[in-house]
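Structural overview
Each chain, letter by letter, is given below.
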Amino acid sequence: MAAALPQQGTLFDDPSPAADEMIGYRGPTACSAAGITYRQLDYWARTELVVPSIRTASGSGSQRLYSFKDILVLKVVKRLLDAGVSLQNIRAAVDGLRMRGVDDLAQLTLLSDGTTVYQCTNNEEVVDLLRGGQGVFGIAVSGALRELVGSLATLPGERADGSEIDEVPAASADDELAARRQRRSATA
C-alpha cells in the first residue's frame, strides 16, 4: 500500500479571507487589485477566460461584479502572462483553477516551462518537475492571495443584492502592508 504524499503547506498563515461570498467588486476595483488594465479585463470577460461569477454585464450601462476568487484568478493570469506563457496555455490552466475553491487555490504552486502550466499540490510534484528539467518558474498562489487580501482591504466592494456594506472589510491584524495603506488613506 502506497504511503500518502505529504501535502504542500501554505507559505503564510491564514491565507484565505473571511470574506462574504456575496460581496463583489466592479471592474475598476478588480483591475487595480489584479494589476491589469480595464481593456484586459473586458477582453478576458468577453472571451470567457475569466468571467465575473457574481454578476455579468447584461447590456449597456450594466456593471460586472467580480468575486474574490475571480480577482485571484485574474492576478494569477497576469503573473502567467508576465512570465511569457501564451494566452492559449493560460486558458487550459484557468479551466483547472475554476474547479477549485479559494482554500484549494491557496495550496497550489503553479510551475511552467513556458508552454505547459502544471498545478502542484505537494512538494514531491514540485521536485519531480524540477528534477525532470521541466519547471522554469513557479507561482505560489498563496502569495498572490495574500497580496490580494491586502489590496482589497482598501478598495470598495458592493453586495450582489445591491444593499449597503456596513463597512469596508478590515485587513487582518498580521497584514502590515494593508494596515499601512489604511492608515495612509485615512490621513489623506
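Preceding this paragraph is the structure being described.
Residues numbered from 1 in each chain as written. Predicted model: local features only at pLDDT ≥ 70, side-chain atom pairs only at ≥ 80, totals over all residues. Heavy atoms only, no water.

Here's the deal with the environment of Leu111
One can find Leu111 in strand β2 (residues 109–112). A residue is classified by how much of its surface remains accessible, and Leu111, at 6% relative accessible area, is buried. Excluding residues within four positions of it along the chain, Leu111 makes contact with Thr116, Val117, Tyr118, Cys120, Val126, Leu129, Phe137 and Gly138. (Helix = DSSP H or I, 4+ residues; strand = E, 2+ residues; numbered from the N terminus. Buried < 20%, exposed > 50% of the residue type's maximum accessible area, 1.4 Å probe, protein only. Contact = heavy atoms within 4.5 Å.)

Brief notes about the pairing of β2
Residues Thr109 and Leu111 point to one face of β2 and Leu110 and Ser112 to the other, with burial holding for every one of them. Two strands pair when backbone bridges link them, and β2 and strand β3 (residues 117–120) are joined in this way by four bridges, in the antiparallel orientation. Looking at β3, one finds that Leu110 is bridged to Gln119. Hairpin connection from β2 to β3: four residues lie between these consecutive antiparallel strands, with Gly114 at a positive phi of about 95°. Judged from the four bridges that link them, β2 and strand β4 (residues 137–140) form a sheet pairing that is antiparallel. When the bridges of β4 are listed, Thr109 appears paired with Ala140. (Pairing = 2+ DSSP bridges.)

Considerations on helix α1 (residues 27–34)
Quick reminder: α-helices carry 3.6 residues per turn. Residues three or four places apart thus point the same way. α1 sits mainly inside the fold: six of its eight residues count as buried. Among all positions in α1, only Gly27, Thr29, Ala30, Cys31, Ala33 and Ala34 are buried. Backbone geometry just downstream of α1 places Gly35 in the positive-phi region, at approximately 75°.

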